[in-house]
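Residues per chain are reported as follows:
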Amino acid sequence: MKVKKSVIFRRSSQVFFLLLFLYILWTTTYPLKGAFNADMFFKTDPNIMLAVALSERTIVAGLVLAFIIPVLTLIFGRFFCGWVCPFGTVIDAAGSLRRKKKALSDGVNARIRNIKYVLLAVSIAAAVLGHQYAWVLDPIAMMGRFISINLIPAVTGVVEKTFIFTMRDLGFRPEWLYSFYRALKGSFLGVETYVFANSAPILAMFALIMAFAAWVPRSWCRAICPLGAIYALLARYALLARTVERCTQCGMCSRDCRMGAIKDDLDYVKGECILCMDCVYTCAPGRIRFRFLPARGQGGHKTLVRQGGKGAISRADFILLMIGSILASGLKWAFKVPRKLIRPPGSQDEKAFVDKCVRCANCMKICPTKVLQPAFLESGPGGLWTPHLVNEIGYCEYNCDLCGRVCPTGAIPRLGLEEKKRAKLGLARVDRAKCIAWSAGMECLVCEEHCPVSHKAIKIDNVIVNGVVLGRPVVDEDLCIGCGICQNKCPVRPQRAIVVDPQK
């Protein structure tokens, strides 16, 4: 039995980076004590970082990190997809659930792999025209959304309720179980469980991709992934290449290739190879190797390294696309988008915010009051899954600036705490028909008592009613920052008597 050392190394690498990604997102919670920066994976993603920079005509902080993986791809090939990408690891796991896989012909493989280049081209063209849609299909952003919005709330919720059911309902509560539960509350269960709004479509999209992966191995990576398209284009020129010696034409390597990179005639589409190393061990020992700068024709294989396949996008096509996109840059659409939602602190311009946001969900995950929720269509299709404040759920904590510190693209600016305290999110408005102090002559100081702003943005206007001094709340528009705590704490139901309107 062969010892598949390279496969073991590859799987170990995949597990390591998946666990690292999970750890980073799991510890992206108040008060942010994780050992790694929450935006680390996102900043090394050239698909979203370059799209944001291009659409906003700006240099995004940490943009240089987005070039690290592309440079390494020019050396090692498309290693990121096979050894690092957490989304690819989960796709591999889903693919392993079904023993008999659907095999695609060379013609079908050639056609579907072009889809990802078209999607990448559309994303680049949109960015040139001033619209960033890279977040829709980017694997890192998708994985981040799923983990933060679906996985972590579900896992922590199930574990928490299991403990409560066992100890409270079943009456099984020995001291050791209490101690274990308290230890988990300070770490693993320290994440507040909450079902985010509009989380079902994110889960459905993730489940659909996994279902296709179980049917056709790496179907997403072959056909859709725009980040994979970038690496596939670069991997064509990688120094590391696959070589074959004394090939017997048995076709086993082609049959087992999870990316369809080895064709029926045993030709090799270099840009599609993710270095999974399966073919090395499928073949007889020593016949398939990966070498740096192999001589053309080395090993006697009839087509040692093929740069593309029939129907694959050519270098000329891609250059023409880039030239067209650059020429089109003068057509950037610039129009003011009215703000309908309350956005996180420091996000001044609605269009710039929507374009910069990659929907990674870091801000929503770390928000201590869970006031940040994913939008659906409240601000139009372009604002899908962008964060906005829902003050019935929470409020913007006055002494917290973490959302800006975990945003990878600067959609939420990184403000210092004192600057963030002065950032206007909206403006509170008292509905005098609902406010019990105004409409019923009852004493209520809740909004004024909770207002965190120095000198109070909600003043109490004392008037004499029927011989009794009565305080009525009035908003100081100059001091109000729209944090929403007044709306959140207002005792009037079902509709609050004081609400915060978005900043105009």
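Residues numbered from 1 in each chain as written. Predicted model: local features only at pLDDT ≥ 70, side-chain atom pairs only at ≥ 80, totals over all residues. Heavy atoms only, no water.

Draft legend 1. A look at the pattern of salt bridges. Counting across every chain of the model gives 18 salt bridges. Here Arg 78 ties to Glu 272 by a salt bridge, and the two come within 3.4 Å at their closest N and O atoms. Residue Arg 78 is found in the loop between α4 (68-76) and α5 (79-84), and its partner Glu 272 is found in the loop between α13 (252-256) and α14 (278-282); the two are separated by 194 residues along the sequence. We classify Arg 78 as buried; its relative accessible area is 0%. Note that Asp 92 and Arg 258 form a salt bridge whose closest N and O atoms lie 3.1 Å from each other. Within this pair, whereas Asp 92 is found in helix α6 (residues 86-95), its partner Arg 258 is found in the loop between α13 and α14, the two being separated by 166 residues in sequence. (Salt bridge = Lys/Arg side-chain N within 4 Å of Asp/Glu carboxyl O. Helix = DSSP H or I, 4+ residues; strand = E, 2+ residues; numbered from the N terminus. Buried < 20%, exposed > 50% of the residue type's maximum accessible area, 1.4 Å probe, protein only.)

Draft legend 2. Up close: the environment of Gly 157. Looking at where Gly 157 falls in the secondary structure, it is placed in helix α8 (residues 139-169). A relative accessible area of 13% means that Gly 157 is categorised as buried. For the pair formed by Gly 157 and Val 468, sequence separation is 311 residues and the distance between their alpha carbons is 50 Å.

Draft legend 3. The arrangement of the packing of aromatic side chains in detail. Under the criterion given, the structure shown has 15 aromatic pairs. With 6.2 Å between their ring centres and 50° between their planes, Phe 21 and Phe 42 make a pair best called tilted. Residue Phe 21 is found in helix α1 (residues 5-26), and its partner Phe 42 is found in helix α2 (residues 40-43); the two are separated by 21 residues along the sequence. Like Phe 42, Phe 21 is buried. Judged by centre distance (6.3 Å) and plane angle (75°), the ring pair of Phe 76 and Phe 79 falls under edge-to-face. One aromatic cluster is present, built from ring pairs that chain together Phe 87, Phe 146, Phe 206 and Trp 220. One Lys or Arg, Arg 242, reaches over the ring of Tyr 268 and ends 5.4 Å from the middle of that ring. (Phe/Tyr/Trp six-rings, centres within 6.5 Å; stacked < 30°, edge-to-face > 60°. Lys NZ or Arg CZ within 6 Å of the ring centre and 35° of its normal.)

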